[in-house]
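# Descriptive structure summary
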Amino acid sequence: MSQHTPRYWRRWYFAVLLFLVIQIVAYALFTEYWK
Amino acid sequence: MSVADWIVMATTLVGIIAYGVYRGRGKQSADSYLRAGRQLPWPVVLIGIMATQASAITFLSAPGQAFTDGMRFVQYYFGLPIAMVVICVTFIPIFRRQNVYTAYEYLENRFDRKTRLVASFLFLLSRGLSTGISIYAPSIILSSIFDWNIYLTNVLVGGLLIIYMYGSGAKAIAYTQTLQFSIILGSMAIAGIMIVTKLPGHLDLGDALYIAGQSGKLNVITTDFNLKDKYNLFSGIIGGFFLALSYFGTDQSQVGRYITGKDEGESRLGLLMNGLVKIPMQFAILLIGALLFALYSLVPSPMFFNQRVVTDVREQAPLEMASMDRRWQTANDSLTAASTALVDARQQGADAAPFVQRHANARAQSDALRKEFKVLAAAQGSSETNDTNYILLYYVRSALPAGMVGLLFAVVFLASWGSISAAFHSLASSSLVDLDLLIRKKPLTDSKKVALARIHSLLWGLLCIGVAMFASRLGSLIEAVNILGSLFYGTILGIFLVAFYLKRAGGTAVFYAAIITETIIVAVWYFDIVSFLWLNVIGAVSVVAIAAVWPRTIDSDGVKAG
């Protein structure tokens, strides 16, 4: 079993999903900027 | 290629094979051969996952795709991080707890043997065929560029890796993938940087991006919703999520990578890191294609990037080609002039509108000539009228210095080997564990299992090379093989989702739900109602929905614990 707590993993999941949202926003801005 | 390039390429390839053999030395048990003894740290798991997914065609066609269609292909990966989280929450703990060698093994524990057999059979069929195609796809490119015999090239691309993977097993494959992938990423980064350095004197990265942007190549996000459109924000997030969930959660070529993690945490970290780095990596690879477009707007470019086809057409239709060559020269000159004028206007802060229009007209002119050439090539009997996969390699051969060309061609081999070695290994694991060992009445000793696993690996290697040999005669059927895999993906995911989330559903319910769904999927595909990414969504949702409403009285199997 993993030695990490469920809270540790929840933070990881949140970070991965947050990074996805940040990227989509950044790519949308990139698309608009160079249009 | 120069002598230096051949030396760099041969040294890289021999080095990789030697490294693979070195990492695979020592005595193997069935557990170490099939699952690396479940001892790998997350960085190795991560790179195994990434190298398995990224074939040679990924590195060749993605820049070509950005060159022709723009960067919107990156949206295809937007569902991937969400899928990574779902797999970490649900799939990994279950696979880990049940101590499985293959994903399909779990289906027997949860449902019954027939569900396991159907799922593993579909995997073996579709992965076996598609691995053959992924040997053939880079082979045809190499054979076209170097004028090599296609059958010999198939053996080089699909056969040399057997030298190290036959005896080695999962651990050596994973560590070799790590070295391969490092070389690939390093080489691609250098190729990308060199595009910017090759821009005409007074231009910089910003100018190249400006040209690419004005040409519609930096369309990373597209929000026009259309069920038949392959790549937009919605199909990327929703369709991409189901595709990634199916591929990473239920395809043994991926499950076989992350079950090698030292513990549940290492497997999870490998997948989560993949969720973090995959999209930026694809963005960078696509950006290379967009920058190449800018470069070839500023310096002369060929009408068609597969030079062998150009040579053939020139021989067969010299008069038409002479006329086209003259018109291409004019079109190329006006495109470079319009591009230079456009960036000059940008640099001087002048009103860009008239220059944008002039640039658009010049682009339309060269696009029309490129189309005209494809029609001419098809009329001359050329089967290759798509040069997308040749764009990056054309640049590599014509612009990179000696040594780098050889390294980039070695990358084509390394990227192929990275994904093909994992495919051979997963096919062998599944055919051994899900079929062969089930049929045998007497249990085998551990050393016999290892010997048998090696034979399975070898046989799958030979079979896939055989498919690649046959592929040269398949022509347009190659696309059919790729479609075949995607027709089953959603249904198999649906079976696993029912297993995980519908505790009350039994084997018979899921079996019939899968059959009904597959009929629906084939019909939807046949009548061309939606683009292929949505088939995964329909397949998975349909299996879950039918299994959920299936009357329990019909399900004579009862329910096993999940």
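The present account deals with the structure reproduced in this document. What you see is a predicted model; the values in this text were computed from it and never measured.

Turning our eyes to something else, we now look at the overall build of chain A. Regarding its fold elements, chain A presents 1 helix and 0 strands. Projecting the C-alpha coordinates of chain A onto the three principal axes gives extents of approximately 50 × 10 × 5 Å. Put simply, chain A has 35 residues, and 34% of those count as buried. Within the structure as shown, chain A displays about 2600 Å² of accessible surface, and the carbon and sulfur contribution to it stands at 71%.

When its secondary structure is counted, chain B shows 23 helices and 0 strands. The globule rule puts the C-alpha radius of gyration for 562 residues at 24 Å, and the 25 Å found for chain B is close to it. Along the longest, intermediate and shortest principal axes, the C-alpha atoms of chain B span 75 × 50 × 45 Å. Here chain B, with 562 residues, has 61% of them falling under the buried criterion. When contacts within chain B are restricted to residue pairs at least 6 apart in sequence, long-range pairs at least 24 apart make up 86% of them. Within the structure as shown, chain B displays about 21100 Å² of accessible surface, and the carbon and sulfur contribution to it stands at 64%. Put simply, chain B has 44 plus and 34 minus side-chain charges, and the middle of one group is 10 Å from the middle of the other.

Residue and element names in this part refer to chain B. Positive phi is not limited to glycine here, since Asn-99 has a value of about 55°. Tracing the sequence through the fold places Asn-99 in the loop between α5 (80-97) and α6 (103-110). On the basis of relative accessibility, which here comes to 36%, the residue Asn-99 falls in the partly exposed class. In this structure, Asp-147 takes a positive phi of about 60° despite not being glycine.

This next bit is on the pattern of salt bridges. Residues and elements named next belong to chain B. Counted according to the given criterion, the structure contains 14 salt bridges over all chains. One salt bridge connects Arg-116 with Asp-434, and the closest N-O pair in it is separated by 2.9 Å. In this pair, Arg-116 is assigned in helix α7 (residues 113-146) and Asp-434 in helix α19 (residues 404-439), connecting sequence segments 318 residues apart. Residue classification places Arg-116 among the buried positions, given a relative accessible area of 5%. The salt bridge partner of Arg-268 is Glu-264, with a shortest N-O separation of 3.3 Å. Of the two residues, Arg-268 and Glu-264 are both situated in helix α14 (residues 264-298); the distance of 4 residues between them amounts to about one turn of the helix. As far as the burial class goes, Arg-268 and Glu-264 line up, both buried.

With that settled, consider the layout of surface pockets. All names here are of chain B. By volume, the second largest pocket is sized at about 240 Å³. Secondary-structure elements contributing two or more residues to the lining of the second largest pocket are α10 (170-197) and α14. Of the residues that constitute the lining of the second largest pocket, the class distribution is 12 nonpolar, 1 polar and no charged.

This part is about empty space enclosed by the protein. Residue and element names in this part refer to chain B. Scanning the entire structure with this criterion turns up 4 cavities of 30 Å³ or more. A volume near 70 Å³ is recorded for the largest cavity. Along the walls of the largest cavity sit Tyr-104, Leu-122, Phe-123, Ser-126, Arg-127, Ser-246, Thr-250, Asp-251, Phe-488, Tyr-489 and Ile-492, which together make up its complete lining. Elements with a contribution of two residues or more to the lining of the largest cavity: α7, α12 (233-250) and α21 (477-501). In terms of residue count, α7 provides more of the lining of the largest cavity than any other element does, 4 residues in total. In the lining of the largest cavity, the residues fall into 6 nonpolar, 3 polar and 2 charged. Here the second largest cavity is characterised by a volume of approximately 60 Å³. Every residue lining the second largest cavity is listed: Arg-38, Ile-92, Phe-95, Arg-96, Val-100, Tyr-258, Ile-259 and Ser-267. Among the elements that line the lining of the second largest cavity, the one with the most residues is α5, at 3 residues.

This part is about the packing of helix α18 (residues 391-399) of chain B against α19(B). Residue and element names in this part refer to chain B. Put simply, α18 and α19 touch, their axes get as near as 9 Å, and they point 155° apart. In this view, α18 runs roughly antiparallel relative to α19, as classed from their interaxial angle. Between α18, through Leu-393, Val-396 and Arg-397, and α19, the contact on the second element is made entirely by Val-405, Leu-408, Phe-409 and Val-412.

This part takes up helix α1 (residues 3-23) of chain B. Residues and elements named next belong to chain B. The first and last C-alpha atoms of α1 sit 30 Å apart over 21 residues, in line with the 30 Å expected at 1.5 Å per residue. When we look at burial in α1, the residues that qualify are Asp-5, Met-9, Thr-12, Leu-13, Ile-16, Ile-17 and Gly-20. All buried residues of α1 fall inside an arc of 120° around its axis, so they share one side. Opposite its buried face, α1 presents the exposed residues Val-3, Ile-7, Thr-11 and Val-14, each directed more than 90 degrees away. Looking at the buried side of α1, the elements it contacts are α9 (162-168), α10 and α19.

Turning to the packing of aromatic side chains, a few remarks are in order. Overall, the coordinates contain 40 aromatic pairs over all chains when judged by the stated rule. A centroid spacing of 6.2 Å and a plane angle of 80° characterise the contact between B:Phe91 and B:Phe95, whose relative ring orientation is edge-to-face. Of this pair, B:Phe91 and B:Phe95 both sit in helix α5, separated by 4 residues, roughly a single helical turn. The residues B:Phe91 and B:Phe95 share a single accessibility class, namely buried. In this structure an aromatic cluster arises from ring pairing among B:Phe91, B:Phe95, B:Tyr104, B:Tyr106, B:Phe123, B:Phe496, B:Phe500 and B:Tyr501. The ring centre of B:Phe293 lies 4.7 Å from the NZ or CZ of B:Lys217, which sits over that ring. Cation over ring: B:Arg268 sits above A:Trp9, and NZ or CZ is 5.1 Å from the ring centre.

Conventions adopted
- Residues numbered from 1 in each chain as written.
- Chains lettered and ligands numbered in written order.
- Predicted model: local features only at pLDDT ≥ 70, side-chain atom pairs only at ≥ 80, totals over all residues.
- Heavy atoms only, no water.
- Helix = DSSP H or I, 4+ residues; strand = E, 2+ residues; numbered from the N terminus.
- Buried < 20%, exposed > 50% of the residue type's maximum accessible area, 1.4 Å probe, protein only.
- Areas by Shrake-Rupley, 256 points an atom, 1.4 Å probe, with all protein chains shown as cover.
- Rg over C-alpha atoms; globule rule 2.2 N^0.38 Å.
- Contact = heavy atoms within 4.5 Å.
- Lys, Arg positive; Asp, Glu negative; His and termini not counted.
- Charge placed at Lys NZ, Arg CZ, Asp CG, Glu CD.
- Salt bridge = Lys/Arg side-chain N within 4 Å of Asp/Glu carboxyl O.
- 1 Å grid on protein atoms, 1.4 Å probe; cavity = no way out; pocket = protein on both sides within 12 Å on 5 of 7 lines; lining within 4 Å.
- Points joined across faces, edges and corners; volume = space filled by probe spheres on them.
- Nonpolar A, V, L, I, M, F, W, Y, C, P; charged D, E, K, R; others polar.
- Axes fitted to C-alpha atoms, helices over the stretch in contact; angles between N-to-C directions.
- Parallel < 35°, antiparallel > 145°, perpendicular 65-115°, else oblique.
- Expected span 1.5 Å × (residues − 1).
- Arc of directions from axis to C-beta.
- Phe/Tyr/Trp six-rings, centres within 6.5 Å; stacked < 30°, edge-to-face > 60°.
- Lys NZ or Arg CZ within 6 Å of the ring centre and 35° of its normal.

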